[in-house]
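# Coordinates in review
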Amino acid sequence: PYLTMSAPYQSHIAGAFVDFLKQGYVYKGLKPVNWCMNCRTALAEAEVEYEPHASPSIWVRFALISDPAAIDPALAGKPVYGLIWTTTPWTIPANMAIAFSQLGGRTLLVDADMRNPRLHEVFGLDNSTGLSGILSGRAEANVIRPVADLPSLFVMPVGTLPPNPMELVERPAFGLLMRELLSKFDHVVVDTAAVAHGADACVAASRCGAAVLLARKNQNTLTSLQEIAAALAGGSTQVLGTVLNEQ
């Protein structure tokens, strides 16, 4: 989710505005406005130029299963798709969990990337305790944290980075934990490290039962993806689909 949509972030903006107001930097006056007659909106008076920067992006579409005529009668009988575009591929599990939580069921997002965890940063959560502590056998409290403004969404962060992430996900405790979580939540989404960093992802997927592959254009070959899918299938893991990262 965008930080600008976060209530704490908006409160900081409001606080900064109050500081400007107290120091006398805010005033009310009249000024000319450049107006576009065609689009009926104000035009920018200046443009900000940025240094060239390449960001990874993803384009993916999903076919609409229900009758599109319910959206618009003009769409009856036509193929309709939902298009998703993002420049931050690592937020896909987070966005998936948010979508599930908005369907009405309790959703848990588990950060199993014990090499480079990021989900606690996405949601602004404490990362002092989490999955690694549970798998290591430590008794840790408050490992599942609610997400502000999303009452049906919960996150289990990684916690302390372990020196042996592969060993932790291979332990029977990981599979037992997944089964317990599935009994308490309607949806459980697990984010893992990249396959290039180790076999963590394949092992975790085998404990979860299903997986979505993320590939990068011009970097991941079709052969390597087929090998990963075959390895997952050999471990009784259902591959739900593949998302192609454009850059």
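Everything discussed here concerns the structure shown above.
Quick summary incoming for the structure in this document. (Residues numbered from 1 in each chain as written. Predicted model: local features only at pLDDT ≥ 70, side-chain atom pairs only at ≥ 80, totals over all residues. Heavy atoms only, no water.)

## What to know about the overall build of the chain
A count of helices and strands for the chain gives eight helices and ten strands. Scored against the burial criterion, the 247 residues of the chain give a buried share of 30%. Partitioning the intrachain contacts of the chain with sequence separation of at least 6 by distance along the chain shows that 67% fall at a separation of at least 24. About 16300 Å² of surface is accessible on the chain, with carbon and sulfur atoms providing 58% of the total. (Helix = DSSP H or I, 4+ residues; strand = E, 2+ residues; numbered from the N terminus. Buried < 20%, exposed > 50% of the residue type's maximum accessible area, 1.4 Å probe, protein only. Contact = heavy atoms within 4.5 Å. Areas by Shrake-Rupley, 256 points an atom, 1.4 Å probe, with all protein chains shown as cover.)

## Side note on the pattern of salt bridges
For the structure on display, the rule yields four salt bridges. A salt bridge links Asp200 to Arg115; its shortest N-O distance comes to 2.9 Å. Of this pair, Asp200 sits in helix α7 (residues 200-208) while Arg115 sits in the loop between β5 (107-111) and α3 (119-123), and the two are 85 residues apart along the sequence. (Salt bridge = Lys/Arg side-chain N within 4 Å of Asp/Glu carboxyl O.)

## Describing the packing of aromatic side chains
Here the structure, examined in full by the defined rule, presents two aromatic pairs. With centroids separated by 6.2 Å and ring planes inclined at 55°, the aromatic side chains of Phe20 and Tyr25 adopt a geometry described as tilted. Using a relative accessible area of 53% as the deciding quantity, one classes Tyr25 as exposed. (Phe/Tyr/Trp six-rings, centres within 6.5 Å; stacked < 30°, edge-to-face > 60°.)

## Concerning the nonpolar core
Within the largest apolar cluster, 19 residues are counted, with the highest numbers of intra-cluster contacts made by Leu108, Leu131, Leu135, Met156, Leu177 and Leu181. For this core, the elements supplying multiple residues, two or more each, are β5, α4 (131-135), β7 (150-156), α5 (165-170), α6 (172-184) and α7. For this core, the element with the most residues is α6, which contributes four residues. With residues near it in sequence (within four places) discarded, Leu135 still touches Met114, Leu168, Val169, Arg171, Ala173, Phe174 and Leu177. Formed by 13 residues, the second largest nonpolar core is a distinct cluster that contains Ala97, Ile98, Phe123 and Val147. (Core = buried A, V, L, I, M, F, W, Y, C linked by side-chain atoms within 4.5 Å.)

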